[in-house]
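# Remarks on the overall topology
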Amino acid sequence: PKPWTLLFALLIVALVAAPCAASAEKGLVSLADPREAPAFELPGVDGQTYRRDDYRGRYLLVNFWAVWCPPCLKEMPSMERAYGQLKGDRFELLAVHVGPTLEDAKKFAGEHGLSFPVLVDESMALGTWQVLGLPTTFLLDPEGRIVAEAVGDREWDSPKMLEVLRGYLDGSSP
């Protein structure tokens, strides 16, 4: 095999394995120094275009995932259930499929009945988000700043996680 093939394979393994090792705590980590979330404009599997700035004034959970990532697929059902409980005027969720293809992401979203928007970043232009592994999820505040993050899969609808997310929404979390 060519050297770049081996390098690519190692990168894929690292992207999938890193979150497993890093997610022992399984919580949402608040950032002491919130940072501005990079702007984006991405297509959704529904044919719409989604932009970060369209969500100013609400909390936005941005999840980076891929159909080839087992931990990503594991957390999607709990993410859907959490979205069902939290969606509204103050909260939205966007799942960004990293890499090819729009068709794969659309098929997965349809087969699993995902009701939140699924976006596709085929060109992997969102590298500026500092995604260290998949899945990685960021919570943006109403001003568009990243205030919390999670690397690795989570049970998004667990009572503790829902309590933390609701704490942000009602202003009782940092």
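Rules of the game
- Residues numbered from 1 in each chain as written.
- Predicted model: local features only at pLDDT ≥ 70, side-chain atom pairs only at ≥ 80, totals over all residues.
- Heavy atoms only, no water.
- Helix = DSSP H or I, 4+ residues; strand = E, 2+ residues; numbered from the N terminus.
- Buried < 20%, exposed > 50% of the residue type's maximum accessible area, 1.4 Å probe, protein only.
- Contact = heavy atoms within 4.5 Å.
- Salt bridge = Lys/Arg side-chain N within 4 Å of Asp/Glu carboxyl O.
- Lys, Arg positive; Asp, Glu negative; His and termini not counted.
- Polar contact = N/O pair within 3.5 Å; in protein donor to acceptor, adjacent residues only side chain to side chain.
- Arc of directions from axis to C-beta.
- Pairing = 2+ DSSP bridges.
- Axes fitted to C-alpha atoms, helices over the stretch in contact; angles between N-to-C directions.

## Remarks on the overall build of the protein chain
Of the regular secondary structure elements, the protein chain holds four helices and eight strands. Starting at the N terminus, the α and β elements of the protein chain follow one another as α-β-β-β-β-α-β-α-β-β-β-α. Within the protein chain, the proportion of its 174 residues that are buried is 48%. Once local pairs closer than 6 in sequence are excluded, the contacts in the protein chain between residues at least 24 apart make up 73%.

## Brief notes about the pattern of salt bridges
On inspection of all chains with the given rule, the structure shows 14 salt bridges. With a closest N to O distance of 3.4 Å, Glu41 and Arg51 form a salt bridge. Residue Glu41 is found in strand E2 (residues 41–43), and its partner Arg51 is found in strand E3 (residues 49–51); the two are separated by ten residues along the sequence. For Glu41, a relative accessible area of 52% puts it in the exposed group. Take Arg51: its relative accessible area is 33%, and that puts it in the partly exposed class. Salt bridges sharing common partners tie together Glu36, Arg52, Asp53 and Arg56.

## Re the side chain of Glu80
As for its placement among the helices and strands, Glu80 is situated in helix H2 (residues 70–86). In this structure, Glu80 is buried with no salt-bridge partner, the nearest side chain bearing the opposite charge being Lys87 at 6.3 Å. One polar contact links Glu80 to Ser115, side chain to side chain, over a distance of 2.6 Å. Residues contacting Glu80, with those up to four places away along its chain left out, are Gly113, Leu114, Ser115 and Phe116.

## Here we look at helix H3 (residues 102–111)
Within H3 the residues assigned to the buried category are Ala105, Phe108 and Ala109. End-on, the buried residues of H3 take up no more than an arc of 100°, which puts them together on one face. Residues of H3 that are exposed and point over 90 degrees away from its buried face: Glu103, Lys107, Gly110 and Glu111. Residues of H3 that are buried in the fold lie against strand E4 (59–65), H2, strand E5 (91–98) and strand E6 (118–121).

## Here's the deal with the sheet that holds strand E1 (residues 29–36)
Spatially, the six strands line up as an open sheet ordered E1-E8-E7-E4-E5-E6, and their pairing is mixed. Two strands lie at the open edges of the sheet, namely E1 and E6, each paired on one side alone. When strand polarity is set aside, the average angle formed by the axes of neighbouring strands in this sheet is 25°. Two elements, strand E7 (residues 136–140) and strand E8 (residues 145–151), share five bridges in a ladder whose sense is antiparallel. Bridging from a neighbouring strand, Leu140 pairs with Ile146 of E8.

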